[in-house]
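# What the coordinates show
Chain residues, written in single-letter form:
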Amino acid sequence: MSTKTLQDAELVAGLRQHAGRKSVENALYLQFRYFIEEGVRKFSVTQEESFSCYSDAIIQTIDTIQAGRFEGRSSLKTYIYQIFHNKCVDQIRKNTTHKSEVHRSAIQPDMLEVLTDPAKTVIQKLVEKADIDDLKRRLGELGDNCKRMLLLSSEGNSDKQIAELMNFKSSDVAKTSRLRCLEKLRKLYRLKT
């Protein structure tokens, strides 16, 4: 048995038991975290997007192992990388779709050109107020923790500061939670537009 297989076996066994599982989860996360930089280089996604894809891949792997569905037909590295790869491709698709939506909405400023200057100002203020009201309503749908976290982030707080203010174990946990809340908010916008 090779050392790599033994390490995988130890990780899988550790993730299946309840006692000490958190330390095994952390070890798994740290073992392949270099995927994040690789995602930025290979897939041209942002650092945050790659981090989110990697975190999701680790969480999915842990869930699969704990549910007893990991068959071990490949190494954990290969298994996690495949999930990570798929999540990065999904992220690229989201980015591409989002960019086309942004370009479609760019028609609005052109429509404002036909209005007189005082009318433009009034229309722009109404649009801004409607956007702010809409954002507040959707933030309320996310729940108190997500709402607080996103507001702290919008005020310029770092993930480390958010972790301290909201009693998270680390800035990485705060970052993952913040990104999940942002994704929930994006989904609310997509559902209601």
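Before going into details, it helps to say that this report is about the structure given with it. (Residues numbered from 1 in each chain as written. Predicted model: local features only at pLDDT ≥ 70, side-chain atom pairs only at ≥ 80, totals over all residues. Heavy atoms only, no water.)

Scanning the protein from N- to C-terminus turns up ten helices and zero strands. Each helix and strand of the protein, placed in order from N terminus to C terminus, yields the pattern α-α-α-α-α-α-α-α-α-α. Within the protein, the proportion of its 193 residues that are buried is 31%. Here the contacts in the protein between residues at least 6 apart in sequence split such that 58% fall between residues at least 24 apart. Carbon together with sulfur atoms contributes 55% to the accessible area of the protein, which is approximately 12600 Å² in total. (Helix = DSSP H or I, 4+ residues; strand = E, 2+ residues; numbered from the N terminus. Buried < 20%, exposed > 50% of the residue type's maximum accessible area, 1.4 Å probe, protein only. Contact = heavy atoms within 4.5 Å. Areas by Shrake-Rupley, 256 points an atom, 1.4 Å probe, with all protein chains shown as cover.)

This brings us to the side chain of Ser55. Structurally, Ser55 can be placed in helix H4 (residues 47-66). Apart from residues lying up to four places away in sequence, Ser55 is in contact with Tyr29 and Thr176.

Here we take up the environment of Ile59. Take Ile59: it is sitting in helix H4. For the pair Ile59 and Ile80, spaced 21 residues apart in the sequence, the C-alpha separation amounts to 9.8 Å.

Here we take up helix H3 (residues 35-43). Taken together, the buried positions of H3 are occupied by Phe35, Ile36, Gly39 and Phe43. Seen along its axis, H3 keeps its buried residues to an arc of 105°; they face one direction. Looking one or two places after H3, you find Ser44, whose phi comes out positive at around 55°. (Arc of directions from axis to C-beta.)

This next bit is on helix H2 (residues 21-31). Among the residues of H2, those classed as buried are Val24, Glu25, Leu28 and Tyr29. When H2 is viewed along its axis, its buried side chains cluster within an angular range of 140° and face the same direction.

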